[in-house]
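In case you want the letters, here they are:
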Amino acid sequence: MSRAQCPRCLRPQTHCLCPFIPHLNSRTRVLVLQHPSEVSHALNTARLAALGLSNAELIVGEVFEDLPKLLNRPGYQARLLFPAEDAQPLQVYAPNDQPMLLVVPDGTWRKARKMLHLNPLLAALPRVTLAEGGVSRYRLRKAPGPGALSTIEAIVQALETLEAPTTFAPLLKPFEALIEGQIAAMGEEVFQRNHGDR
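Residues numbered from 1 in each chain as written. Predicted model: local features only at pLDDT ≥ 70, side-chain atom pairs only at ≥ 80, totals over all residues. Heavy atoms only, no water.

Asks: Sorry, what's going on with the sheet that holds strand β5 (residues 100-106) here?
Replies: Adjacent strands of a sheet form backbone hydrogen bonds with each other and so pair up, either parallel or antiparallel. Spatially, six strands are ordered β2-β1-β5-β3-β6-β4 in an open sheet, and the strand pairing comes out parallel. Pairing within the sheet leaves two strands with one partner each, and these edge strands are β2 (56-60) and β4 (88-89). Direction of pairing for strand β1 (residues 29-34) relative to β5: parallel, over a ladder of six bridges. Following the sheet pairing, L31 is matched in β5 by V103. With respect to the sheet, helix α3 (residues 109-118) is in contact with β1, β3 (77-81), β5 and β6 (127-129), its orientation differing from that of β5 by roughly 120°. Of the strands in this sheet, β1, β3 and β5 touch helix α5 (residues 151-162), which is tilted by about 165° from β5. (Pairing = 2+ DSSP bridges. Helix = DSSP H or I, 4+ residues; strand = E, 2+ residues; numbered from the N terminus. Contact = heavy atoms within 4.5 Å. Axes fitted to C-alpha atoms, helices over the stretch in contact; angles between N-to-C directions.)

Structure, rendered in structure tokens:
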């Protein structure tokens, strides 16, 4: 018998994160393209980000038929948040800059690269990257490398860079509650044994 699930945050009703999810406005529009394998993941941070931002949208898939329409929103310049040699580091908007439509692939690096391969329009977008040295609060997953962030952390860092001095830290509240809940469920001893040395 499966546990009752919150239809909004998709967490078990007993661990619903909705009370922690803020309602934040941003000048930047965020479009999260989520790989289907991430949807049922216990630590689905992309969904939390999309729920907490009024100017965000989350679409699940591998091939996105609506991409031309999604990427050409009037008043925004589309940029892909993904590493590349020619990727431009994000910086604060100048007063007259057109805001970004920040496209964020959500999946493992391998799956995100596959999404780019399957969607040439996505792969052709100009790319932007975050400043180096970001430290993840994600204490339950081993990061693939230094500076690797969860999707929600990457979105927060990107928005805080673009829209400084505005803070988007409240977006991390449900993420932190989620992690604390997972640690509590596994027990402190198991957590320390498996994750304590990070």
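Asks: What's the story with the nonpolar core in this structure? I'm lost.
Replies: Considering soluble globular proteins, one finds that nonpolar side chains tend to be buried as a cluster. If you look at the biggest cluster of nonpolar residues, it comprises 35 residues, and the most contacted ones within it are V30, L53, L81 and I155. Those elements that place two or more of their residues in this core are β1, α1 (45-52), β5, α5 and α6 (173-186). For this core, the element with the highest residue contribution is α5, accounting for seven residues. Discounting chain neighbours no more than four positions away, the residues touching I155 are V30, V32, A49, L53, V104 and L171. Core analysis: the second largest hydrophobic core is formed by 16 residues, L31, L67, L80 and L125 among them. (Core = buried A, V, L, I, M, F, W, Y, C linked by side-chain atoms within 4.5 Å. Buried < 20%, exposed > 50% of the residue type's maximum accessible area, 1.4 Å probe, protein only.)

Asks: Sorry if this is basic, but what is going on with α1 here?
Replies: An α-helical turn contains 3.6 residues, so any two residues separated by three or four positions project in the same direction. Burial analysis of α1 places six of its eight residues in the buried class, which makes it a mostly covered element. Those residues of α1 not exposed but buried are T45, A46, L48, A49, A50 and G52. Put simply, N44 is the residue that caps the front of α1, since its side-chain oxygen is 3.3 Å from the backbone nitrogen of R47. (Polar contact = N/O pair within 3.5 Å; in protein donor to acceptor, adjacent residues only side chain to side chain.)

Asks: Would you take a moment to explain the pairing of β3 for this structure?
Replies: By the bridge criterion, four bridges tie β3 to β5 in an arrangement that is parallel. Across the sheet, the residue bridging to A78 is L101, located in β5. Here β3 runs beside β6; their pairing, made up of two bridges, is parallel. Bridge pairing in β6 links L81 to V128.

Asks: Any chance you could explain the pattern of salt bridges here in plain terms?
Replies: Two side chains of opposite charge can pair, provided their charged atoms sit close to one another. Applying the stated rule across the entire model yields two salt bridges. Across the pair R29 and E57 runs a salt bridge whose closest N-O atoms are separated by 3.1 Å. Taken as a pair, R29 in strand β1 and E57 in strand β2 lie far apart in primary sequence, 28 residues in all. For R29, a relative accessible area of 9% translates into the label buried. (Salt bridge = Lys/Arg side-chain N within 4 Å of Asp/Glu carboxyl O.)

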